[in-house]
Amino acid sequence: MQIKINNKKYEVEEGETVLDVCRREGIRIPTLCAFEGLPREAVCRLCLVEITLTDKLVTSCTLKVCEKLEVTTESERIEKARRINLELLWADHAGKCATCKRNRMCELQKLAEEYKIENFHFVPRKGEITSSEELNLTKDNWSRVVVENENPCVSRNSEFCVECRRCINICPEKKFGFNHRAGDVVVGTPYGEVLDCGFCGECVRACPVAALTDQNDFSKIIESLDDIKKMAVAVVDAGMEEKISKQFSKMDRREKLEDILSKLGFEKIINISEKDAEDEVIKKIKTDYARKEKINPEDIVVFFISSKISKKAEKGKYLNYVLSEREVVRLVRDKKII
Ligand code: FES
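Our subject in this report is the structure included herewith. (Residues numbered from 1 in each chain as written. Predicted model: local features only at pLDDT ≥ 70, side-chain atom pairs only at ≥ 80, totals over all residues. Heavy atoms only, no water.)

**Overview of the packing of helix α7 (residues 218-226) against helix α11 (residues 325-334)**
Interaxial distance between α7 and α11 falls to 12 Å at its minimum, and their mutual angle equals 65°. Taken together, the axes of α7 and α11 lie roughly perpendicular to each other. For the crossing formed where α7 meets α11, the hand is right-handed. Together, F218, I221, I222 and L225 of α7 and E327, R330, L331 and D334 of α11 make up the contact between the two elements. Residues belonging to the contact of α7 with α11 are distributed by class as follows: five nonpolar, no polar and three charged. (Axes fitted to C-alpha atoms, helices over the stretch in contact; angles between N-to-C directions. Helix = DSSP H or I, 4+ residues; strand = E, 2+ residues; numbered from the N terminus. Parallel < 35°, antiparallel > 145°, perpendicular 65-115°, else oblique. Left-handed = near helix turned anticlockwise from the far one by under 90°. Contact = heavy atoms within 4.5 Å. Nonpolar A, V, L, I, M, F, W, Y, C, P; charged D, E, K, R; others polar.)

If you want it as structure tokens, here you go:
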């Protein structure tokens, strides 16, 4: 079957959505809730397009291709609608980027920059509301915010949540859902319990903002890396070079992971393969290696660079920190290495 996108004909397969075709053909459509492999729920409404079959704007992520379909992906009307929807999503985030864990790695932030969202039509400006109204608004907002840092692996902060449902759909243990109703709705765990699961990390990978992030004490990590009396050792899990390079823009990718880690302050880097027993390798650093090099094990700080964020729960005598690919990039950005 053939359809027309922006007046050009494209071969398509039955069952494909317009967004699938556009992605395949390199036609840029902004998206936030659509995520590879997950059901499309059309929540963010950023992927709006025009079609000849109706006057209404439709979400390309759910629109299935059909005979005689003609799609327009860019127009003044589309741009305006996308901007309004983006502003609504951005309203809660404005002004928080500088201190946010996902700063420069946030999908919403990138879209806000792309669409130059500067005028916040949905955020009251100074003087537009009284200070008591502002106080009530802040109190009301905060009453619904859930911050949870009690589990060892995933940090949760619903203040940043855009309700895209990616975490709900991706979690293999179905740990997330909507709590409360209507305007008070908040994504969370059943009965607001502390997150307790296998910590596969998929929810953190899928979250487009900073509602779900890696659990870690970054100030202590930076302190350890900068401490000249300590020796920082990185045990790099198989496949991490590629995962980390994917997090960077094309420009930054030329840098080798080993060079990046050295610049961050790691003095020894051990690459392991899938066949290696990681726990053995990690343990030997503070035992065999420390003995051989005559280093006090207390002066060695061992980092496991890995996507297996469940390992964060195993920190202890032999392992000090686990850093995911996202956290390595955050460190690089915080320390302005690249
Ligand atoms: S990507 Fe289509 S509605 Fe969010």
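**Structural notes on the side chain of N85**
Structurally, the position occupied by N85 is in helix α2 (residues 76-90). Setting aside its immediate chain neighbours within four residues, N85 contacts C44, R45, L46 and L48.

**Examining the nonpolar core**
Counting 35 residues, the largest nonpolar core has L32, L108, V154, F176 and L212 as its most contacted members. Those elements giving two or more residues to this core turn out to be α2, α3 (107-114), α5 (166-170) and α6 (202-206). Formed jointly, this core draws a minimum of three residues from each of two domains, domain 1 (2-87) and domain 2 (131-214). Look past the residues within four positions of V154 in its chain and what remains in contact with it is E148, L195, F199, C203, V204, L212, T213, Q215 and I309. I221, L261, V329 and L331 belong to the second largest nonpolar core, which has 25 residues in total. (Core = buried A, V, L, I, M, F, W, Y, C linked by side-chain atoms within 4.5 Å. Buried < 20%, exposed > 50% of the residue type's maximum accessible area, 1.4 Å probe, protein only. Domains from an automatic or database assignment.)

**Side note on the sheet that holds strand β6 (residues 147-148)**
Taking strand neighbours across the sheet as the criterion, the three strands line up as β6-β7-β10 in an open arrangement whose pairing is antiparallel. Looking along the sheet, the strands with just one partner apiece sit at the ends: β6 and β10 (212-214). Pairing geometry for strand β7 (residues 154-157) and β10, over three bridges, is antiparallel. Of the residues in β10, the one forming a bridge with S155 is T213. (Pairing = 2+ DSSP bridges.)

**So, the sheet that holds strand β13 (residues 300-305)**
Spatially, four strands are ordered β12-β11-β13-β14 in an open sheet, and the strand pairing comes out parallel. Two strands in the sheet have a free side with no partner beyond their single neighbour: β12 (268-271) and β14 (321-323). Taken pair by pair, the neighbouring strands of this sheet meet at an average axis angle of 25°, ignoring direction. As defined by bridge partners, strand β11 (residues 231-236) adjoins β12 across four bridges and the pair is classed as parallel. The partner of A234 across the bridge, within β12, is I269. Its contacts with the sheet place helix α10 (residues 278-292) against β11, β12 and β13, and it is angled at close to 165° to β13.

**Quick word on the packing of aromatic side chains**
By the definition in use, this model includes two aromatic pairs. Between F266 and F303, the aromatic rings sit 4.9 Å apart at their centres with planes inclined by 85°, giving edge-to-face as the arrangement. One end of the pair, F266, is in the loop between α9 (257-264) and β12; the other, F303, is in strand β13, and 37 residues separate them in sequence. With respect to burial, F266 and F303 carry one shared label: buried. Put simply, the rings of F266, F303 and Y321 pair up and form one aromatic cluster. (Phe/Tyr/Trp six-rings, centres within 6.5 Å; stacked < 30°, edge-to-face > 60°.)

**Describing the pairing of β11**
Burial within β11 is extensive, with six of its six residues counted as buried. Here β11 shows no split at all, with M231, V233 and V235 on one side and A232, A234 and V236 on the other all buried. For β11 and β13, the ladder comprises six bridges, and the chain directions are parallel. Across the sheet, residue V236 finds its bridge partner in β13, namely I305.

**Some points on α11**
Most of α11 sits out of view: eight of its ten residues are buried. Inspection of α11 places E325, R326, E327, V328, V329, R330, L331 and V332 among the buried residues, and these make up the whole buried set. Phi turns positive, to about 50°, at K336, one or two residues after α11.

**Describing the side chain of E159**
Within the secondary structure, E159 sits in the loop between β7 and α5. Of note is the side chain of E159, whose polar atom sits 2.9 Å from the side chain of K96. (Polar contact = N/O pair within 3.5 Å; in protein donor to acceptor, adjacent residues only side chain to side chain.)

**Some thoughts on the packing of helix α8 (residues 240-247) against α11**
Viewed as axis vectors pointing N to C, α8 and α11 meet at an angle of 55°, and their least axial separation amounts to 9 Å. Judged by the angle between their axes, α8 and α11 are oblique. Our pair here, α8 against α11, has a crossing hand that is right-handed. Facing M240, K243, I244 and Q247 of α8, the residues of α11 in contact are E325, R326, V328, V329 and R333. Residue composition of the contact of α8 with α11, by class: four nonpolar, one polar and four charged.

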